[in-house]
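Remarks on the overall topology
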Amino acid sequence: MTADRFSRVDPIVDRAVLGRLSVLIVGVGSGGSTVAVELARVGVGGLVLCDPDRLELGNVARHECDDRYVGALKVDAVADLISHRNPKARVETLRTRFEDLGPGLEEIVAAVDLVAVCADREEARHRVGRHCVAADTPAVFGGVYAAAAGGEVIRADPCGACYACVTAVLKHELPLDPPGAGDYGVAAQGDALDGAAGLGLDVRVIALLHAKVCLDVLLGRPGPTATVFACEPLPGIVERRWGSLDLRIRQQAECLVCGGPSR
Amino acid sequence: MNDHCAPRAFPRPFTDEGELVLPRRGIGTIRSSRERTTPAAGWWAGEYGKWRLVREQDAMRAYFPRFALVRHSAQVQLLAGVAAPSRRARAAQALSWVGRLHPFGNDRDGYLVQVTYGAGFPDVPPVVMIHEPLKPGTPHLLDWGMPCLYQPSDGPRHGYDPGRTTAATLVRWTALWLAAYEVWCATGAWPGAEHVPLDDAAWEESDDDDECSEDGQS
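The model shown is predicted, which means the values in this text are computed figures rather than measured ones.

Calculation criteria
- Residues numbered from 1 in each chain as written.
- Chains lettered and ligands numbered in written order.
- Predicted model: local features only at pLDDT ≥ 70, side-chain atom pairs only at ≥ 80, totals over all residues.
- Heavy atoms only, no water.
- Helix = DSSP H or I, 4+ residues; strand = E, 2+ residues; numbered from the N terminus.
- Areas by Shrake-Rupley, 256 points an atom, 1.4 Å probe, with all protein chains shown as cover.
- Pairing = 2+ DSSP bridges.
- Axes fitted to C-alpha atoms, helices over the stretch in contact; angles between N-to-C directions.
- Phe/Tyr/Trp six-rings, centres within 6.5 Å; stacked < 30°, edge-to-face > 60°.
- Buried < 20%, exposed > 50% of the residue type's maximum accessible area, 1.4 Å probe, protein only.
- Expected span 1.5 Å × (residues − 1).
- Polar contact = N/O pair within 3.5 Å; in protein donor to acceptor, adjacent residues only side chain to side chain.
- Parallel < 35°, antiparallel > 145°, perpendicular 65-115°, else oblique.
- Contact = heavy atoms within 4.5 Å.
- Nonpolar A, V, L, I, M, F, W, Y, C, P; charged D, E, K, R; others polar.
- Left-handed = near helix turned anticlockwise from the far one by under 90°.
- Core = buried A, V, L, I, M, F, W, Y, C linked by side-chain atoms within 4.5 Å.
- pLDDT = per-residue confidence, 0-100.

1. Let's talk about the overall build of chain B
A count of helical and extended segments in chain B gives 6 helices and 5 strands. If you list the helices and strands of chain B from N to C, you get α-α-β-α-α-β-β-β-α-α-β. Of the accessible surface of chain B, which amounts to about 10300 Å², a share of 51% is contributed by carbon and sulfur atoms.

Structure representation (structure tokens):
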């Protein structure tokens, strides 16, 4: 018996819709690579991968790509994986840091239907988030906490709270360090690429949640603004292993990022 | 003391005679990508930038009306370690707020403070410099003499926030730092805990501006 490779996906999602949509993925490290491949698996038609780094042996334990790809640019390696999961997907690779795209970053953010932000540094996440506000493009941010004991997924819709609004609330509500310089996505310039310790399976749990929220946004499904998921207990926040916390956060009054001329 | 703000030797931007001293070399770690992306027009040129600059000016007028906004070559900005000495970066313009702070409102000359918006603003925080000779061994200083205004180990969400922090917030944090510095000069002990969480939102909302006074510098 033969079947179309998407025969078990089609009853669940409207692949005709997904095939017309495109997603920019900023950072294809251990988390970003999972997000990219999972979105391709469900039939997202266009994927733009942005990352300047090459796969190193130290990445293999957590990255979607194995040691056959060591030395290759991560965007090329992930594009190759995608070609075997969804050959019809249109994949573009940006072999650079997104900061280096200059004005091109604005054009790309405006051209896609969603930005999946898998960059680790907060400055970088704010930068992408601000461009998404200007372009009215939704963005979904993912990241893991120290030792990948848990992670967070933040959804910034054009008509709702922006990333800066959400983090302004999170820093008061959640006594947690935000995702740091692991290799969930790509470290910004000047960051060491050593990556923090953490199990790939924990990173992947968060990345799968990240991809799922991306899918929700693409299909117009509502959802919480921020979700904290605990792979291990997060004292004071999510006490139970495998527990989660959903937060619905409104646009903050007088936000200096999204309260501007674009809204 | 934490490693992040351990005192270290750094070139002072001004000599004791007030002469401007440029570093011989650039800030190597920042050079490669920024010099390709630094827009010569400045971050304030676009629609958002213009709007943001007005918000920054409003905040500074409300809290530090005597501080002056000066436009200058990014080469001067280099002093704060936020730009590279490339041709394009030199051609770029930068914006700084400049003024004097008196931590205890006394009649001394106060401290000349410069807050410079880098090319990455608002995603990257402005850089604060205190252009006065500080005592050797001054604690809580970062590279290039920048005062350590918040605890990096608290995470990036517990210091500068591009959605809420303005230059006025940073100047107020600097005033607090200078007050602590003067106490340290007098007693040898830096007051307070090793790091005090500085809630920028509380700063912005507070009307209690009595802890310091300021003079403009044009």
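2. Comments concerning the sheet that holds strand β5 (residues 139-144) of chain A
Two strands in a sheet stick together by hydrogen bonds in their backbones, pointing the same way (parallel) or opposite ways (antiparallel). Residues and elements named next belong to chain A. One open sheet holds the 8 strands; their spatial order is β3-β2-β1-β4-β5-β6-β7-β8, and the pairing between them is mixed. Only two strands of the sheet have a single partner each, and these edge strands are β3 (90-94) and β8 (244-247). For this sheet, the mean inter-axis angle between neighbouring strands, taken without regard to orientation, is 15°.

3. Observations concerning the packing of aromatic side chains
All names here are of chain B. Scanning all chains against the criterion turns up 12 aromatic pairs over all chains. Ring geometry for Trp 43 versus Tyr 117: centroids 5.1 Å apart, planes at 65°, classification edge-to-face. Residue Trp 43 is found in the loop between α1 (28-37) and α2 (47-63), and its partner Tyr 117 is found in strand β3 (residues 111-117); the two are separated by 74 residues along the sequence. Given the relative accessible area of 1%, Tyr 117 is considered buried. Members of the aromatic cluster, connected to one another through ring pairs, are Tyr 111, Trp 177, Tyr 181, Trp 184 and Trp 190.

4. Quick notes on helix α5 (residues 167-187) of chain B
Residue and element names in this part refer to chain B. Here α5 is 21 residues long and its end C-alpha atoms lie 30 Å apart, about the 30 Å a rise of 1.5 Å per residue gives. Of all 21 residues making up α5, 16 are buried, and the element is well covered by its neighbours. Phi turns positive one or two residues past the end of α5, at Gly 188, with a value near 85°.

5. With respect to the environment of Glu 152 of chain A
Residues and elements named next belong to chain A. By secondary structure assignment, the location of Glu 152 is in strand β6 (residues 150-156). With a relative accessible area of 2%, Glu 152 lands in the buried category. A sequence separation of 76 residues divides Glu 152 from Val 228, and the C-alpha atoms of the two residues are 4.4 Å apart. Side chain to side chain, Glu 152 and Tyr 145 meet in a polar contact 2.7 Å long.

6. Some remarks on the packing of helix α5 (residues 122-135) of chain A against helix α6 (residues 163-173) of chain A
All names here are of chain A. Contact geometry for α5 and α6: axes closest at 9 Å, N-to-C directions at 140°. In terms of axis orientation, α5 runs oblique to α6. Here α5 contributes Glu 122, Arg 125 and His 126 to the contact with α6, which in turn contributes Tyr 163, Ala 164 and Thr 167. Taken together, the residues that form the contact of α5 with α6 break down as 2 nonpolar, 2 polar and 2 charged.

7. Remarks on the packing of helix α4 (residues 103-111) of chain A against α5 of chain A
All names here are of chain A. Running from amino to carboxyl end, α4 crosses α5 at an angle of 60°, the nearest separation of the two axes being 9 Å. One finds that α4 runs oblique with respect to α5. Remark: the crossing between α4 and α5 carries right-handed chirality. For the pair α4 and α5, contact is made by Leu 105, Glu 106, Val 109 and Ala 110 and by Arg 127, His 131, Cys 132 and Ala 135, respectively. In terms of residue class, the contact of α4 with α5 is built from 5 nonpolar, 1 polar and 2 charged.

8. Notes on α2 of chain B
Spacing of three or four residues puts side chains on the same side of an α-helix, whose turn is 3.6 residues. Look at α2 of chain B: 25 Å from first C-alpha to last across 17 residues, which is about the 24 Å you get at 1.5 Å a residue. Where α2 of chain B is concerned, the buried positions are Tyr 48, Gly 49, Trp 51, Arg 52, Leu 53, Glu 56, Gln 57, Ala 59, Met 60 and Tyr 63 of chain B.

9. A look at the nonpolar core
All names here are of chain A. Of all hydrophobic cores here, the largest spans 47 residues; its most connected members are Val 23, Ile 25, Val 35, Leu 47, Leu 49 and Ile 82. Those elements that place two or more of their residues in this core are β1 (22-26), α2 (30-41), β2 (46-50), α3 (74-85), β4 (114-117), β5 and α7 (200-218). Core analysis: the second largest hydrophobic core is formed by 46 residues, Val 109, Val 117, Ala 230 and Ile 237 among them.

10. Side note on the pairing of strand β4 (residues 127-130) of chain B
Residues and elements named next belong to chain B. Every second residue of β4 is oriented toward a common face, with Val 127 and Met 129 on one face and Val 128 and Ile 130 on the other, all of them buried. Here 4 bridges tie β3 to β4, and the two strands are oriented antiparallel to one another. Note on β4: the bridge partner recorded for Thr 116 is Val 127.

11. Considering the environment of Val 9 of chain A
Residues and elements named next belong to chain A. On the secondary structure map, Val 9 appears in the segment before α1 (15-18). Given the relative accessible area of 19%, Val 9 is considered buried. Distance from Val 9 to Leu 105, taken between C-alpha atoms, is 32 Å for residues 96 residues apart in sequence. The contacts of Val 9, once residues within four sequence positions are left out, are Arg 41 and Val 42.

12. So, the confidence of the model for chain A
Of all residues in chain A, 90% attain a pLDDT of 70 or more, and the chain-wide mean is 88. Between residues 186-194 of chain A, whose pLDDT stays under 50, and residues either more than four places distant or in other chains, the model counts 27 contacts.

13. What about the confidence of the model for chain B?
All names here are of chain B. Across chain B, the average pLDDT comes to 70, with 56% of residues at 70 or higher. Per-element confidence in chain B is highest for α2, whose mean pLDDT is 95, and lowest for α1, whose mean pLDDT is 31. Counting contacts from residues 196-212, a segment whose pLDDT is below 50, to residues more than four positions away or on other chains yields 38 contacts. Per the prediction output, this complex has pTM 0.80; the corresponding ipTM is 0.81.

14. Brief notes about the side chain of Arg 125 of chain A
Residue and element names in this part refer to chain A. Note on placement: Arg 125 falls in helix α5. We classify Arg 125 as buried; its relative accessible area is 0%. A polar side-chain atom of Arg 125 sits 2.9 Å from the main-chain carbonyl oxygen of Gly 142. A polar atom in the side chain of Arg 125 sits 2.8 Å from the side chain of Tyr 163.

15. Quick word on unusual backbone geometry
A cis amide bond links Phe 121 of chain B with the next residue in sequence, Pro 122 of chain B, at an omega value of 5°. Along the chain, Pro 122 of chain B falls in the loop between β3 and β4. Despite not being glycine, Glu 254 of chain A has its phi angle at roughly 60°, a positive value. Positive phi is not limited to glycine here, since His 140 of chain B has a value of about 60°. Of note, His 140 of chain B is situated in the loop between β4 and α5. Judged by relative accessible area, His 140 of chain B falls into the buried class, the value being 8%.

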